[in-house]
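# An overview of the molecular structure
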Amino acid sequence: MKLSTVDEIVGDCLAVRTRLISRAVTSLYDGALAGHGVTIAQLNLLAAVGKAGPCPPSALGEVLQLERSTVSRNLNLLLGHGWIEAVSADAKGIREVALTEAGRRKIESVLPAWRKCQEQAADLLGATGTDAIHEIARGMGYPPGS
């Protein structure tokens, strides 16, 4: 018996499955980090700035595969908290950002909650799922230099 078009999409769509998994994992992290005043997206952006050193916002968007507006919005929040700083700017906007000492302290302060989420996410995904995600991300160039 041939599947209907609807059954095929509902039964096989990889996009919906990865989005469901993404939402579940993101919810774990965001729930645990809420008391720290940071989302997992913002924490990963902070960590990316810390890893890259002073860098243009566009480079962060490329590494994390984020839209320009998403990078800009989150960088403005991080700037407002003093966790990053604009180390160079011109009339067109921020040219480079860098992690501040306050940003390093923020990362350190959330580390226990982040580690707990890592364990919960690994339990949710199982060893095979966790390994597959790492492998797929490496194939997509994340983390940089891997």
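Residues numbered from 1 in each chain as written. Predicted model: local features only at pLDDT ≥ 70, side-chain atom pairs only at ≥ 80, totals over all residues. Heavy atoms only, no water.

Once that is clear, we can look at the overall build of the chain. On a plain count of helices and strands, the chain comes out with six helices and two strands. If you line up the chain on its principal axes, its C-alpha atoms span 65 × 35 × 30 Å. The buried share of the chain, reckoned over its 146 residues, is 23%. When the accessible surface of the chain is split by element, carbon and sulfur atoms take 57% of a total near 9,700 Å². (Helix = DSSP H or I, 4+ residues; strand = E, 2+ residues; numbered from the N terminus. Buried < 20%, exposed > 50% of the residue type's maximum accessible area, 1.4 Å probe, protein only. Areas by Shrake-Rupley, 256 points an atom, 1.4 Å probe, with all protein chains shown as cover.)

Moving on: the packing of helix α2 (residues 14-33) against helix α6 (residues 101-139). Two elements in contact, α2 and α6, have axes whose closest approach is 9 Å; the angle formed by their N-to-C orientations is 155°. With respect to α6, the axis of α2 lies roughly antiparallel. Crossing of α2 against α6: the hand is right-handed. Touching Ile21, Ala24, Val25, Leu28, Tyr29, Ala32 and Leu33 of α2 are Val110, Ala113, Trp114, Cys117, Gln118, Gln120, Ala121, Leu124 and Leu125, all from α6. Counted by class, the contact of α2 with α6 contains 14 nonpolar, two polar and no charged residues. (Axes fitted to C-alpha atoms, helices over the stretch in contact; angles between N-to-C directions. Parallel < 35°, antiparallel > 145°, perpendicular 65-115°, else oblique. Left-handed = near helix turned anticlockwise from the far one by under 90°. Contact = heavy atoms within 4.5 Å. Nonpolar A, V, L, I, M, F, W, Y, C, P; charged D, E, K, R; others polar.)

Bringing the pattern of salt bridges into the picture now. According to the stated counting rule, one finds one salt bridge in the structure shown. Across the pair glutamate 135 and arginine 138 runs a salt bridge whose closest N-O atoms are separated by 3.0 Å. Residue glutamate 135 and its partner arginine 138 are both found in helix α6; the two are separated by three residues, about one turn of the helix. Judged by relative accessible area, glutamate 135 falls into the partly exposed class, the value being 49%. (Salt bridge = Lys/Arg side-chain N within 4 Å of Asp/Glu carboxyl O.)

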